Every structure is written in structure tokens, then in C-alpha cells.
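# Topology and contacts: notes
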2 protein chains.
Amino acid sequence: MEESTEGRGISRRCLLGAAGGAGAAGMAAGGLAGAAGRGWAGDDVPPLAAVGGTSVPFHGRHQVGITTPPQAYGHLVAFDLRPGAGRAAAAGLMRRWSAAAEAMTAGRPPAGDDQIALDAGPSSLTVTFGFGRSFFAKTDLGDRMPAALVPMPPFPGDALDHFRSGGDLWIQIGADDPLVAVHATRILHKAASGTAAMRWQMNGFNRARGATDRPRTVRNLMGQLDGTNNPHPFAPGFDAEIFAADTTGPHAWMNGGSYAVVRRIRMLLDTWEKLPVDRQEQVIGRRKDTGAPLSGGTETTPVNLAAVRPDGALAIPGDAHIRVAAPASNGGATLLRRGFSYYDGPRPDGAPDAGLLFIAWQADPTTGFIQVQRKLAGADGLTRFLRHESSAIFAVPGGAASGSYVGQALLES
Amino acid sequence: MEESTEGRGISRRCLLGAAGGAGAAGMAAGGLAGAAGRGWAGDDVPPLAAVGGTSVPFHGRHQVGITTPPQAYGHLVAFDLRPGAGRAAAAGLMRRWSAAAEAMTAGRPPAGDDQIALDAGPSSLTVTFGFGRSFFAKTDLGDRMPAALVPMPPFPGDALDHFRSGGDLWIQIGADDPLVAVHATRILHKAASGTAAMRWQMNGFNRARGATDRPRTVRNLMGQLDGTNNPHPFAPGFDAEIFAADTTGPHAWMNGGSYAVVRRIRMLLDTWEKLPVDRQEQVIGRRKDTGAPLSGGTETTPVNLAAVRPDGALAIPGDAHIRVAAPASNGGATLLRRGFSYYDGPRPDGAPDAGLLFIAWQADPTTGFIQVQRKLAGADGLTRFLRHESSAIFAVPGGAASGSYVGQALLES
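Residues numbered from 1 in each chain as written. Chains lettered and ligands numbered in written order. Predicted model: local features only at pLDDT ≥ 70, side-chain atom pairs only at ≥ 80, totals over all residues. Heavy atoms only, no water.

## Examining the overall build of chain A
- When you go through chain A residue by residue, the secondary structure sums to 13 helices and eleven strands.
- When each of the 413 residues of chain A is scored for burial, the buried share is 60%.
- For chain A, contacts bridging at least 24 residues in sequence account for 78% of all contacts bridging at least 6.
- Total accessible area on chain A stands at roughly 14200 Å², and carbon and sulfur atoms take up 56% of it. (Helix = DSSP H or I, 4+ residues; strand = E, 2+ residues; numbered from the N terminus. Buried < 20%, exposed > 50% of the residue type's maximum accessible area, 1.4 Å probe, protein only. Contact = heavy atoms within 4.5 Å. Areas by Shrake-Rupley, 256 points an atom, 1.4 Å probe, with all protein chains shown as cover.)

If you want it as C-alpha cells, here you go:
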């Protein structure tokens with residue numbers, strides 16, 4: 001695929017491969033009878049196969065996993081370079097990682113395969129690599145660090161765990177099959193051996209393929225449709241808002257790249273769920289069931305922040321999340337949210353350790369996430385139901401062309 | 001559905017509901033173009049819907065989640081009764097839990113719903129309840145505890161974490177959609193409030209629906225097909241081996257029930273993956289790619305333990321896992337394994353905290369899991385790549401008839 005055809009995002013990159021095409025023919029039969037056939041050897045009922053057969057090509061102007069539709073399962077992993085591992089070691093690592101990612105996203109076994117995902121199709125696997133601020137000093141590339149990769153400022157209410165924040169290197173792994181996602185994580189972890197140690201791993205999820213009867217925005221663990229107002233990859237201005245502007249000179253390696261802000265945001269579900277639904281809806285500014293803004297219409301109706309109710313009150317309260325987070329309230333700041341929920345079990349106090357692995361993509365974090373979060377931390381009624389427990393920011397280079405690896409323009413020039 | 005038609009297991013219980021039937025009609029179109037439509041509001045491409053539309057009826061002679069095909073996503077949770085909560089409180093809890101499980105498995109919102117799963121179909125959700133030995137003393141039902149619910153003996157090599165072992169009450173939750181599984185776990189946790197506190201939670205997974213192009217035994221994180229030799233629910237003798245024999249008298253509440261042994265078995269993947277594949281195959285006794293026994297044939301070919309190679313050596317080595325675990329090596333002991341893999345991130349030493357949430361079902365744990373594990377712990381070549389890190393055993397009563405709740409025959413008579 002030519003790079004020049006790939007810049008617009010999802011529809012040209014998410015293609016059914018050959019396996020999926022063959023599988024689709026058997027889907028009607030598999031759907032009606034498939035449940036009985038799984039897992040017991042000797043049954044002979046063809047299952048759905050389009051989930052496994054969907055592949056997202058690794059090479060392109062942008063890395064995958066940004067405009068790619070959110071997959072059902074995700075792993076976020078950060079690594080730190082081992083002492084003594086500098087630029088050459090990092091280059092070797094990125095070369096190994098890219099080769100493994102390219103193979104696995106195409107459904108081929110990577111070098112040193114453990115065969116965990118042997119029978120599965122690529123299942124929409126994407127692998128996305130980023131560099132943290134600490135990466136540049138350790139690789140003697142401080143002068144190549146882009147100005148947009150700012151340190152994350154503290155925000156009111158932050159309760160950050162240092163050991164689950166930051167990292168020299170970051171990988172976002174997503175797939176519609178959990179074994180495919182775990183396989184990629186394991187292979188990339190092994191490929192780092194000797195060069196980088198895993199700093200943290202977070203596991204998350206979204207809706208499984210085929211769980212709903214029509215495309216819907218996914219719900220978060222507060223029960224709200226989350227992502228309704230995300231910018232659409234086909235919308236005018238999307239590329240300028242989400243992808244770094246092309247430059248020449250020392251930061252040209254970021255052409256086609258983006259910046260990811262990663263926050264583990266725990267939801268105080270015990271508190272949240274004590275609110276009646278109509279109060280929850282006022283905190284968000286949308287109906288919980290349909291996602292329609294309280295100013296009326298359906299989920300996709302534009303929000304009318306000026307609408308008033310018959311009693312004269314604002315239809316969308318002054319501290320409603322969608323009012324405070326709206327681009328119009330933030331000098332037009334736009335970011336693309338593409339996260340995963342997490343649900344890790346009970347905390348020592350009995351409350352669920354659950355919430356959102358929040359990932360925001362933008363061309364410039366200062367005018368993106370940081371500007372929005374400064375506003376939210378002071379004025380958003382939702383804030384009191386959330387705890388930001390980890391934070392990281394990564395420069396995510398453009399995609400690799402065939403034959404090259406992610407970050408090569410930084411590490412070899 | 002009449003109880004009398006349900007005893008044979010999976011094929012009559014896993015039916016597409018109305019939502020699934022409607023969804024199936026749109027699957028071919030959804031499969032071919034659906035990937036581009038997910039997650040971005042405004043796209044209008046119908047997705048697969050058979051995954052969400054599949055339902056497993058809650059009521060029946062047996063509880064669901066035993067012969068039900070393994071789902072993609074699972075939670076195992078244990079609870080302890082709070083001080084002062086006795087038989088009446090436990091009865092109230094089982095009534096609330098059963099009502100919530102019945103609603104959610106049918107795709108209806110439970111009481112006090114948080115709407116996390118609002119748009120999803122039931123997605124093959126099953127909820128299975130069990131009682132630990134400690135439950136009976138706390139509810140003054142010691143004389144009703146069946147003899148089969150023995151304390152788990154220690155095994156060589158056990159490295160058990162007390163805090164993730166045992167429990168008064170146990171719930172196994174499985175679904176093909178992660179939000180549906182989390183929703184059920186959250187709802188059941190809330191329904192326990194005031195009566196029981198969560199003791200531990202473990203999250204696991206299997207293959208997603210539709211990730212492979214034909215039905216296959218799922219792979220575990222060692223890359224092996226795992227479960228090939230499981231007894232088939234339609235096989236002669238299955239019910240007698242897996243389900244408790246019907247009795248009258250104080251233990252009749254277990255009629256239609258089974259016993260679950262739950263072990264969190266960590267895999268020493270760093271060690272395992274250093275073995276060449278042919279050595280791994282000798283440890284297991286099967287080919288890694290196809291699952292065929294080393295005595296020849298395909299995955300489903302019966303194992304020939306007597307087969308010898310041209311050089312005179314046993315085709316399946318003396319310490320191969322499938323030899324030592326074979327029913328013929330264990331006085332005919334048969335159990336049904338139905339587990340989930342887990343992959344929780346790096347341990348402090350850098351190794352992956354990953355392995356199998358092993359669940360064995362049998363009519364009698366003494367002649368089932370305990371007999372097999374005694375043999376394995378001494379002779380199985382696989383043992384040195386495994387660490388058993390938690391252990392629990394539960395009496396899982398028969399299923400509830402419509403209008404009653406799981407455990408009612410124990411708690412109200």
C-alpha cells in the first residue's frame with residue numbers, strides 16, 4: 001500500500017484479509033449454531049471468522065492504533081532502558097520491535113514465536129510505539145526532543161503513583177482477541193530483553209466485536225457512552241489537530257506523528273452509583289441511556305450549551321462535564337480520546353480498582369490535554385468522582401515505511 | 001424451558017435469542033465492512049451481532065458455566081460472609097444473586113443497574129455459584145456439608161497465597177464481551193454489600209468469538225492446545241463423572257451439582273520458552289502446532305501410550321504430561337477442565353505474572369483432581385514449569401428452577 005493513500009485513517013487501513021473473506025461466507029451458519037461448537041474437540045460447527053481475519057497494515061504515514069477503531073482488548077506497557085543501553089541499543093530494539101509488530105499485525109509468527117496465537121487471525125492487532133522525555137537524555141538525543149513533549153504539569157486532585165507513571169518507551173497494544181493481544185505483549189517484552197525492562201503494564205478492554213446490534217459509542221464503567229464528541233478522522237481539520245505538523249530540521253522525525261497523554265483514571269464507583277440517574281446525567285450533561293445531550297435530540301445531535309429549560313435553568317448545567325470539556329470552552333482545544341476500561345479487582349478498602357485507561361492524542365499536548373485538564377480540574381462536576389492515579393506523555397513518531405522501523409529517522413540520522 | 005430437557009448440556013442451552021436472530025441477518029455485511037464502523041459516532045455500518053445475541057438460560061437442573069463452552073472473558077471472585085451474617089443473611093444474598101444473574105443472563109437489567117452493559121446482548125453470560133467449606137460452619141449448616149467437599153491436601157511444590165485461596169462463597173462469571181462480564185461482577189459485588197466482602201478476584205480470558213476460522217481447542221499461554229482430551233458433554237458416563245450423584249437426605253441439595261477445584265497456576269514462561277519446541281512437545285506429549293499426540297494422528301486421535309519410535313523409545317515419554325494425567329494412569333479419574341488464562345503484568349523480578357486460572361469440575365474431588373494432582377506432582381515433566389499459587393474448592397449446587405434460587409434447598413430446608 002502506498003503511503004500517500006493512507007493518511008486519512010481508518011477505512012482504507014482496516015481491511016478483511018483473505019482469512020476473513022473466507023470466514024465471512026460461513027458466518028450466518030456459524031452465528032446460529034456456533035456457540036455449541038466452541039471449546040469441545042470433535043464438534044464441527046464453523047464459527048464466525050471475521051473477527052480474526054481483520055488486519056490493520058503496520059506500515060504507513062501514521063502509526064496504527066490512533067485512528068484505528070478501538071479494539072476489545074488493550075495492553076499499555078512502558079519500558080525503561082537498562083543502564084548502559086544508549087542510542088545504538090535503542091535503535092536495535094526499535095528495529096526488533098517493528099519487525100515483530102509488522103509480522104504479528106499481518107498474522108505471521110514473529111521471530112522467536114511462542115505459538116500462543118498460532119491459530120488466530122490478526123484480529124485487528126495494532127502496535128503503537130512512543131518515546132518518553134527520559135528516552136532522549138539516555139540516548140544522547142536531547143537536542144532532538146520536540147518542544148511539544150513537555151513535562152506534565154501537576155493538576156489539582158492528582159494522586160499519582162510514580163511507579164506506574166512515565167517510562168522511556170511506551171507500547172500500546174490492541175486486538176479484538178485477548179490471546180492475540182497477550183501474545184504481542186509477551187513477544188515484545190521478550191524482544192526487549194537485555195535492552196529495556198518493563199516498567200509497568202496496564203490491561204484494559206472495550207466492547208467485544210459483535211456484542212451490540214449496531215455500531216455504538218462504547219460505554220465506560222460509569223455506564224455513560226464515552227467518546228460521542230470525539231473528532232472524526234474524516235472531519236475537516238482532524239489531521240492538523242491530532243498529528244504533528246510537518247517540519248524540516250531536527251524534529252522532522254516526528255512528521256506524521258502525534259503525542260499521547262496516558263492517565264490511569266480510577267472511578268469512585270461506590271460514590272457515583274449512589275447518585276440517582278438524573279443527577280448522574282446532570283454531572284455529565286447527557287442522558288445515560290441514549291447519550292443524547294440534555295439540550296435535546298439524539299447522541300449525535302450537536303450540543304446546545306445555551307439551551308434553557310422551561311424553568312429558566314441551563315439545560316446543560318454550568319459544571320456539566322460536556323460543557324467544561326467542550327472545545328468552545330477551551331479555546332478550541334481538540335483531542336482524540338481512545339482509551340480502554342480497566343477492572344482489576346477489589347482495593348484494600350473493598351472498593352473496585354476500576355476506571356479508565358485514558359489515552360488522549362493530539363498535535364500539541366499544551367493546547368490539547370493540558371489546556372482541557374486545567375479547565376476540568378477546577379470546574380468539572382465529574383472531577384469529584386475520579387482519581388488520576390498515573391500519568392505519562394509520549395512522542396509517538398510517524399509510521400514506518402516498508403523496510404524501515406518506527407523511530408528510524410530519529411535514531412539513525 | 002423444562003428442566004427435564006436440559007440435563008445433557010450445551011447444545012440445548014446455548015441458543016441465539018431474538019436479538020441474535022435479527023443480528024445474524026446483518027452479519028455478512030457487518031463482517032465485510034464492520035471494522036471501519038466501530039467506535040466512531042456517525043458511521044452507519046452494521047456490525048456482527050451474534051456474539052451479543054447468544055444467551056444461556058440461567059434456570060435448569062445444572063448450573064450454567066460447567067458444560068457451557070468457555071467464554072472469551074472470565075472473572076473468578078470469592079467472598080467471605082461478614083461477621084454476624086448467618087444462614088438467613090446468606091439465603092437473602094443467594095436470592096439476590098440468583099435474581100440478578102437470571103436477569104443479566106437473559107439480557108435484562110438487574111435491580112439497581114448501573115447501565116454499564118445497557119446496549120449489549122447477554123453475550124453468552126453465565127454466572128455459577130459455589131460454597132466453600134467455611135460457609136457451612138458460619139451458617140450453622142455443618143451437618144449438611146457433603147463428604148465430597150474435603151479440605152484440599154497439600155501437594156509437593158505448592159506455593160499458595162492464603163489471601164487468594166479459599167473463600168466462603170465463589171462466583172464464576174464468563175461472557176464473550178468484557179463489559180458484560182465486568183457488569184455482572186460489579187452488580188454481584190454490590191448485591192453482596194452488607195452481607196459478604198470480596199475476598200479475591202481473578203480475571204482471565206480465552207479465545208474471542210470469531211478469532212479462528214474453525215472451532216479449535218483454545219491455546220494456553222505456553223502455546224499448547226489445552227483441553228483436547230476433556231470429556232465431551234455428550235459422551236457416555238459424562239454426567240456420572242462430572243455431576244454429583246442424586247441422593248436423598250441431608251445432601252440432596254447437591255443433586256445436579258458438581259465440585260469445582262480452582263487453582264491459580266503461574267507458568268514459568270521465561271524457563272519454558274528457553275526449551276526448543278521439540279523438547280516442549282516431549283514435556284507435553286503432543287505436537288505444539290496441531291495438538292496431535294506424539295503417537296501420531298491428529299489432535300483428536302486417541303493417545304497411544306504404548307507406541308514406540310523406530311529407536312525403541314516411547315513415542316510419548318514416561319514423564320509426558322498427557323501420559324501422567326491420562327485417566328488410565330489414574331484409576332480412571334476424569335475431570336472436566338474449563339479454565340481461563342491470565343496475564344497480569346510483570347512481577348517484581350521482571351517475569352510475567354501469567355498462567356492459567358485452572359478450574360476442574362468433577363463429581364468427587366478425591367477421585368478427581370486430588371488423585372490426578374497427586375500423580376502429577378510426583379511424575380509430570382510439566383510440573384517444573386508451573387507454580388500453584390492459590391487453591392480453593394467449592395460445592396456447586398444444582399441449578400435453580402424458575403422461581404427459586406441457587407442453594408435454596410440447602411438454605412431453606
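## Focus on the pattern of salt bridges
Residues and elements named next belong to chain A.
- Under the definition given, this model contains 46 salt bridges over all chains.
- When the shortest N-O distance is used, the salt bridge between E102 and R108 registers 2.7 Å.
- Classification of E102 by relative accessible area gives partly exposed; the value is 21%.
- One salt bridge in this structure joins R337 and D226, with 2.9 Å as the shortest N-O distance. (Salt bridge = Lys/Arg side-chain N within 4 Å of Asp/Glu carboxyl O.)

## Digging into unusual backbone geometry
- The residue S123(A) is not glycine, and still its phi comes out positive at about 55 degrees.
- In this structure, Q115(B) takes a positive phi of about 70 degrees despite not being glycine.
- As for its placement among the helices and strands, Q115(B) is situated in the loop between α5 (87-105) and β4 (126-131).

## Considering the packing of helix α5 (residues 87-105) of chain A against helix α7 (residues 178-191) of chain A
Residues and elements named next belong to chain A.
- Contact geometry for α5 and α7: axes closest at 10 Å, N-to-C directions at 155 degrees. Here α5 is positioned roughly antiparallel relative to α7, judged by the angle of their axes. Crossing hand, α5 versus α7: right-handed. Packed against α5, whose contacting residues are L93, R96, W97, A100 and M104, the element α7 presents H183, A184, I187, L188 and A191 at the interface.
- Across the contact of α5 with α7, the residue classes tally to eight nonpolar, one polar and one charged. (Axes fitted to C-alpha atoms, helices over the stretch in contact; angles between N-to-C directions. Parallel < 35°, antiparallel > 145°, perpendicular 65-115°, else oblique. Left-handed = near helix turned anticlockwise from the far one by under 90°. Nonpolar A, V, L, I, M, F, W, Y, C, P; charged D, E, K, R; others polar.)

## A closer look at the pairing of strand β11 (residues 386-396) of chain B
Residues and elements named next belong to chain B.
- In terms of burial, β11 is a largely internal element, ten of the eleven residues being buried.
- Alignment of strand β7 (residues 258-267) against β11, held across ten bridges, turns out to be antiparallel. Bridged to Y259 within β11 is A395. (Pairing = 2+ DSSP bridges.)

## Quick look at the nonpolar core
- Core analysis: the largest hydrophobic core is formed by 169 residues, its most contacted members being W97(A), L169(A), L221(A), W97(B), L169(B), L221(B) and L411(B).
- Dropping the residues within four chain positions of it, L169(A) is found in contact with V77(A), A78(A), F79(A), L81(A), L93(A), M94(A), W97(A), G130(A), F131(A), F135(A), A196(A) and F394(A). (Core = buried A, V, L, I, M, F, W, Y, C linked by side-chain atoms within 4.5 Å.)

## A look at the pairing of strand β9 (residues 340-346) of chain A
- Taking burial as the measure, the seven residues of β9(A) include five buried ones, the bulk of the element.
- With antiparallel pairing between neighbouring strands as the criterion, β9(A) and strand β10 (residues 352-362) of chain A make up a hairpin whose turn holds five residues, including G350(A) at a positive phi of roughly 95 degrees.

## As for the packing of aromatic side chains
- With the rule as written, the count across this model stands at 28 aromatic pairs over all chains.
- With a centroid separation of 4.4 Å and 15 degrees between ring planes, the pair formed by F131(B) and F135(B) is classed as stacked.
- For F131(B), a relative accessible area of 0% puts it in the buried group.
- By way of ring pairs, the aromatic residues F131(A), F135(A), F136(A) and W253(A) are connected into one cluster. (Phe/Tyr/Trp six-rings, centres within 6.5 Å; stacked < 30°, edge-to-face > 60°.)

## Points about the side chain of D119(B)
- Mapped onto the fold, D119(B) is located in the loop between α5 and β4.
- By relative accessible area, D119(B) is classed as buried at 12%.
- Looking at D119(B), its side chain comes within polar contact range of the side chain of R219(A), at 2.8 Å. (Polar contact = N/O pair within 3.5 Å; in protein donor to acceptor, adjacent residues only side chain to side chain.)

## A closer look at helix α12 (residues 369-379) of chain B
Residue and element names in this part refer to chain B.
- Of the residues making up α12, those classed as buried are F369, I370, V372, Q373, L376 and A377. Viewed along the axis of α12, the buried residues span an arc of 155 degrees, placing them on a single side of the element. Opposite its buried face, α12 presents the exposed residues R374 and G378, each directed more than 90 degrees away. (Arc of directions from axis to C-beta.)

## Topic: the side chain of Q115(B)
- Using a relative accessible area of 13% as the deciding quantity, one classes Q115(B) as buried.
- For Q115(B), the residues in contact, after removing those within four places along its chain, are R219(A), G223(A), V277(A), K288(A) and D289(A).

## As for the confidence of the model for chain A
- Summary statistics for chain A give a mean pLDDT of 87 and a share of 88% for residues scoring 70 or more.
- A low-confidence stretch, residues 1-47 of chain A stays under pLDDT 50, and its non-local contacts, those more than four residues away or across chains, total 120 contacts. (pLDDT = per-residue confidence, 0-100.)

## Structural notes on α7(A)
All names here are of chain A.
- Between its first and last C-alpha, α7 extends 20 Å over 14 residues, near the 20 Å set by a 1.5 Å rise per residue.
- Burial analysis of α7 places 13 of its 14 residues in the buried class, which makes it a mostly covered element.
- With a side-chain oxygen positioned 3.1 Å from the backbone nitrogen of L179, the residue opening α7 is D177. (Expected span 1.5 Å × (residues − 1).)

## Things to note about the environment of G121(B)
- With respect to the helices and strands, the residue G121(B) is situated in the loop between α5 and β4.
- For G121(B), a relative accessible area of 14% puts it in the buried group.
- Ignoring any residue separated from it by four or fewer positions in sequence, one finds G121(B) in contact with A211(A), G52(B) and V180(B).

## Here's the deal with the environment of N206(A)
All names here are of chain A.
- Of note, N206 is situated in the loop between β6 (196-205) and α8 (238-242).
- Given a relative accessible area of 7%, N206 falls into the buried group.
- For N206 and Q71, which are 135 residues apart along the polypeptide, the C-alpha to C-alpha distance reads 6.5 Å.

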